[in-house]
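Now for the letters of each chain:
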Amino acid sequence: MLVSWKWLNELVEIKKTPQEIANLLTMSGIEVEGITFGLADSANLKVGLLKEITKHPQADKLVICRVEIGIAEERTIVTGASNVKAGQKVPVALPGAVLVDGKQIERAVLRGVKSEGMLCSAVELGMDVEKIPAEQKKGIYILSDTVSVGDNVVEVLNLDDVILELELTPNRADCLGMLNIAREVAALTGGKLKLPLVKGSEEGHECAQMAQVDIEAKDLCKRYVARLIKDIRIAPSPLWLQQRLMAVGVRPINNVVDVTNYVMMEMGQPLHAFDYARLQGKKIVVRKARENEELVTLDAQLRKLYPDMLIIADAEKPVAIAGVMGGLETEVTTKTKTILLEAAFFHGASVRRTSRTLGLRSEASLRFEKGVDVEQVRLAADRAVQLLAEIGAGTPVEGCVDSYPGREERQPIKLRIEKVNQVLGTALTPETMEEKLKALHIKVVEKNKAGWLFLPPSYRRDLVYEVDLIEEIARLYDYDKIRTTLPEGVTTQAIRTAEQKLRQQIRKTMVAQGLLEVLNYSFINPQQLDFLGIPEEHALRDVVTIQNPLSEEQGVMRTTLLPGLLSTVQRNVNNRNKNLKFFELGQVYFAHGFPAKQKLPMEKWMLAAVSTGEKEKTWAYEAKKYDFYYLKGVLENLVERLGVTANDLCWEVVTDLPGFHPSRTALIKLKGKKIGILGEIHPWVLEKYEIEQRVSMLNIDVEKLGAEEREQKVFVAPLTKYPAVTRDLAIVVSEEVVAGAVAKLIKKEGGDWLSEVRLFDLYRGQQIQEGYKSLAFSLTWQAPHKTLTDEEVNNLHQKIEKALQKEFSADLRH
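Predicted model only: the values in this text are computed from it and were never measured.

**With respect to the overall build of the protein chain**
Phase 1: Along the backbone of the protein chain there are 21 helices and 40 strands.
Phase 2: A globule of 814 residues ought to have a C-alpha radius of gyration of about 28 Å, yet the protein chain, at 41 Å, is considerably larger.
Phase 3: Principal axes of the C-alpha set define a box for the protein chain whose edges measure 140 × 80 × 60 Å.
Phase 4: By residue count, 49% of the 814 residues in the protein chain fall in the buried class.
Phase 5: Of all intrachain contacts in the protein chain linking residues separated by at least 6 positions in sequence, the fraction that spans at least 24 positions is 69%.
Phase 6: Taken as a whole, the protein chain presents about 42700 Å² of accessible surface, with 49% of it coming from carbon and sulfur.
Phase 7: Each charge class in the protein chain can be summarised by its mean position, and for the 108 positive and 112 negative side chains these summaries are 1 Å apart.

**Here we look at a nonpolar patch on the surface**
Phase 1: On the surface, a nonpolar cluster with roughly 310 Å² of combined accessible area is contributed by Val296, Leu298, Leu302 and Leu328.
Phase 2: Mapped onto the elements of the fold, Leu298 is located in the loop between strand E15 (294–296) and strand E16 (302–304).
Phase 3: A residue is classified by how much of its surface remains accessible, and Leu298, at 34% relative accessible area, is partly exposed.

**Some details on the pattern of salt bridges**
Phase 1: Evaluated as defined, the whole model comprises 44 salt bridges.
Phase 2: Of the charged contacts, one joins Lys447 and Glu434 as a salt bridge, the two residues approaching to 3.0 Å between their closest N and O atoms. With Lys447 in the loop between strand E24 (443–446) and strand E25 (452–455) and Glu434 in helix H12 (residues 430–439), the pair connects residues that are 13 residues apart, well separated along the chain.
Phase 3: Judged by its relative accessible area of 47%, Lys447 falls in the partly exposed class.
Phase 4: A salt bridge links Glu472 to Arg460; its shortest N-O distance comes to 3.1 Å.

**What about the nonpolar core?**
Phase 1: Ranked by size, the top nonpolar core spans 95 residues in total, and within it Leu8, Tyr224, Ile312, Leu340 and Phe346 carry the most contacts.
Phase 2: Residues Val543, Val556, Phe660 and Val685 belong to the second largest nonpolar core, which totals 34 residues.

**Some details on the state of the cysteines**
Phase 1: A full pass over the atoms with the stated rule returns 0 disulfides.
Phase 2: No disulfide involves Cys120; its sulfur sits 12 Å from the nearest other cysteine sulfur, which is in Cys65.

**Brief notes about helix H10 (residues 377–390)**
Two residues of an α-helix separated by three or four positions point the same way, owing to the 3.6 residues in each turn.
Phase 1: The end-to-end C-alpha distance of H10 is 20 Å, a good match for the 20 Å that 14 residues give at a rise of 1.5 Å each.
Phase 2: The buried fraction of H10 is high, at 11 of 14 residues.
Phase 3: Here H10 has its buried residues at Val377, Arg378, Ala380, Ala381, Asp382, Arg383, Ala384, Val385, Gln386, Leu387 and Leu388.

**Quick notes on the sheet that holds strand E2 (residues 31–36)**
Within a beta sheet, neighbouring strands are joined by backbone hydrogen bonds and run either parallel or antiparallel to one another.
Phase 1: Here we have 3 strands laid out as an open sheet, ordered E1-E10-E2, and antiparallel in their pairing. Each edge of the open sheet is held by one strand with a lone partner, namely strand E1 (2–4) and E2. Direction aside, neighbouring strands of the sheet carry axes that sit 30° apart on average.
Phase 2: Where E2 lies against strand E10 (residues 163–167), 5 bridges are found, and the strand directions are antiparallel. By the bridge assignment, Gly34 is partnered in E10 with Glu165.
Phase 3: Contacts between helix H2 (residues 18–27) and the sheet are confined to E2 and E10, with E2 contributing the most and set at about 160° to the helix.

**Describing unusual backbone geometry**
Phase 1: In this structure, Arg111 takes a positive phi of about 55° despite not being glycine.
Phase 2: Looking at where Arg111 falls in the secondary structure, it is placed in the loop between strand E7 (108–110) and strand E8 (113–115).
Phase 3: A relative accessible area of 53% means that Arg111 is categorised as exposed.

**What about a negative patch on the surface?**
Phase 1: On the surface, a cluster of negative charge is made up of Glu31, Glu33, Glu165 and Glu167.
Phase 2: Elements supplying a minimum of two residues to the negative patch: E2 and E10.
Phase 3: Relative to the helices and strands, Glu165 resides in strand E10.
Phase 4: Take Glu165: its relative accessible area is 35%, and that puts it in the partly exposed class.

**A closer look at the packing of aromatic side chains**
Phase 1: Taken as a whole and assessed by the stated rule, the structure comprises 7 aromatic pairs.
Phase 2: Relative to Phe454, the ring of Trp452 lies with its centre 6.2 Å away and its plane at 35°, an arrangement referred to as tilted.
Phase 3: Each ring, one from Phe531 and one from Tyr689, has its centre 5.7 Å from the other, and the planes form 85°; the classification is edge-to-face. Placement of the pair is Phe531 in helix H15 (residues 527–531) and Tyr689 in the loop between helix H18 (683–688) and strand E36 (695–701), with a sequence separation of 158 residues.
Phase 4: When its relative accessible area of 21% is taken as the criterion, Phe531 is described as partly exposed.
Phase 5: Here the aromatic residues Trp7, Trp240 and Tyr262 are joined through ring pairs into a cluster of three or more.
Phase 6: It is Lys481 that lies over the ring of Tyr477; its NZ or CZ is 5.7 Å from the centre.

**Description of the pairing of strand E30 (residues 602–612)**
Phase 1: Within E30, 9 of the 11 residues are buried, leaving the element largely enclosed by the surrounding structure.
Phase 2: In this sheet, E30 lies alongside strand E29 (residues 580–590) in antiparallel orientation, the contact comprising 11 bridges. Bridge pairing links Glu584 to Ala608 in E30.

**Quick word on the side chain of Gln242**
Phase 1: Its location among the elements puts Gln242 in helix H6 (residues 239–247).
Phase 2: When its relative accessible area of 18% is taken as the criterion, Gln242 is described as buried.
Phase 3: Other than its neighbours up to four places away in sequence, Gln242 contacts Pro236, Ser237 and Pro252.

**Section: the sheet that holds strand E37 (residues 725–734)**
Phase 1: Sheet architecture is open: 4 strands sit in the order E38-E39-E37-E40, paired in antiparallel fashion. Both edges of this open sheet fall to strand E38 (754–763) and strand E40 (811–812), since each of them pairs with a single strand only.
Phase 2: Sheet topology note: the E37/E40 ladder contains 2 bridges and is antiparallel. Residue pairing across strands places Val732 opposite Asp811, the latter belonging to E40.
Phase 3: Running over the sheet, helix H20 (residues 739–750) touches E37, E38 and strand E39 (772–781) and is turned about 35° from E39.

What counts and how
Residues numbered from 1 in each chain as written. Predicted model: local features only at pLDDT ≥ 70, side-chain atom pairs only at ≥ 80, totals over all residues. Heavy atoms only, no water. Helix = DSSP H or I, 4+ residues; strand = E, 2+ residues; numbered from the N terminus. Rg over C-alpha atoms; globule rule 2.2 N^0.38 Å. Buried < 20%, exposed > 50% of the residue type's maximum accessible area, 1.4 Å probe, protein only. Contact = heavy atoms within 4.5 Å. Areas by Shrake-Rupley, 256 points an atom, 1.4 Å probe, with all protein chains shown as cover. Lys, Arg positive; Asp, Glu negative; His and termini not counted. Charge placed at Lys NZ, Arg CZ, Asp CG, Glu CD. Patch = residues over 30% accessible without salt bridge, like charges linked within 9 Å, V, L, I, M, F, W, Y side chains within 5 Å. Salt bridge = Lys/Arg side-chain N within 4 Å of Asp/Glu carboxyl O. Core = buried A, V, L, I, M, F, W, Y, C linked by side-chain atoms within 4.5 Å. Disulfide = S-S within 2.5 Å. Expected span 1.5 Å × (residues − 1). Pairing = 2+ DSSP bridges. Axes fitted to C-alpha atoms, helices over the stretch in contact; angles between N-to-C directions. Phe/Tyr/Trp six-rings, centres within 6.5 Å; stacked < 30°, edge-to-face > 60°. Lys NZ or Arg CZ within 6 Å of the ring centre and 35° of its normal.

In structure tokens form, the structure reads like this:
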């Protein structure tokens, strides 16, 4: 926000220097990032009238100008500018003048002709060329005919103004207007405010007969005021108005546009003018855009409108994008006779979404995004109409249309007097507190023992809680006066939560088994879900979409860790690293929760591991494949380390999991509850990722893994002195019978003395009927307190055989 020192002085009485005011504002929380000073030398810069222009006798590109700079005072000046003509008024730098670049003007002789000064361009005067008309950017700057010959150019063009550049925090949107900056300065210095007097309008009258306003999207537009001005005369703005706008960084365009911009910079309220004759039905409708609607905006670009965008329409079609940009069809032109002036309160988040979607940001959209004062909307419209009338741009139509469906009664804020000193570490009296708040136009509504009630002004939308009022008192009291104190409070020991300890233990155990941890982005390309073959209605499609993704490759939040791990495998394989074992412990995100629907996205911790290739053969070890069984062992070691017995794991064949091989995938259950999946990645998926070797993956729900009751793990136990007995058991069962179910039944019937059950052979072929298979188990028996006899082991063995025959119709093989 740029603040003109001259403009500020017209709004508030100031007896301090710009540097002192800048320091006061900064120390009160409104940072002044920089101060720009104008031209200091004004005595030798005059308004000159070009009386006569002749060619230079010895130079084709130079001309000799006879310039009048005062009553009966003329000078001869040689220039190379091509845009000078007799009768023009131009800025003249006389000998002794110092320009913005430090150049001092002296008398000179150019090709034999004496030159007594210099005609100045906009750049040489230090003007912002981006804010002046295109024809004035090059050559000598041509002044208005209304200025007087001999006047001080610095004063005429406002070149001696001082500009304060404010770096505003998001909560101080009120300071995006000169009036509220003036209020801040008045509160800090005690200076008297000199706010402009505005003649207010009344609802109805002729304006209400000529125009109608209908707010359909009442949640996105709290208030809409329309005023009409007839007999419009489009022309350049008066010089003072142009100078004010340029001082605060706005380029003058014409009198109507300049007035709307002036009021926006003065009051912080954006305005927009429509060509009334081009509004169909003489009606304004504030609504959301409809499907397939489009609008050509003022920059001559065709914009596609989306249903969540708030637009301004007439009786037939859109005419503007609310708070962002107007439409080209209803633009005010030299043919315009009557304008409809809009002042409104649009929902900040809606304007922000729309401006980001369309890539359109402006001073107006910035103010709507941060929030304008809903109670001064009509006042801003009246101020603009009054200015248009004063500069002769048009004649106001009596009355206004004020649609205000979002009227809300502001609630007072309770302030406990003792709380102020407790928070600030001060000893302020209630009278001092009241004085500081009143300086900010915060009114006292009620005083009682429980606390005082204060009502902030409508433009201070950032004041909501008690602590906000305490901050305002501190700002005006002066932070430097508040003594430094050390914070006091009860400290607690920093310890990890149970969930953090679980994740730390998982990481340690996985790393201890030789797996490398990887970290992938939580954002993925939605196309990767297609690569995995995830059906459209699958839970993994319940993605959180990023509104402003860094790229298309990071358009949604991941619902599975698999895409990131497969991409990591792909990059390593492409770099000839083919023997890999990775794991990732990270979060996945579901848009509406899973399985129950909820308002906020759900975050879930998952553990995933991938393995491919093999551990190469050495002199000490045989080659070992990093396959399904490798990851099965990794998981068994993990659950043992977490205090859960690996025997509690159960593996069930599953054939329809997206992304996994239909005959090499198992559902993992711990104590009967599903905790994850272990399987080989489907060849079709590997082809999509251009991986030409088999890859296995483990996917575990960390929350479910940690939910199981854990035992106190004893890692050192005494060896029993009694010998173990090993027996083999071979059975023939139907193909439908799962080996895991058989092993589970053996453990159940074997009792406490059965210390180990191990499947060591699976056979199909000769001597085995088709549709059947042979399973061979090694059973180890051992008692902690005695040596088992053959009879005891035989009895237990027979018990197991009978149970297998009954449960699975198993036949014994001898």
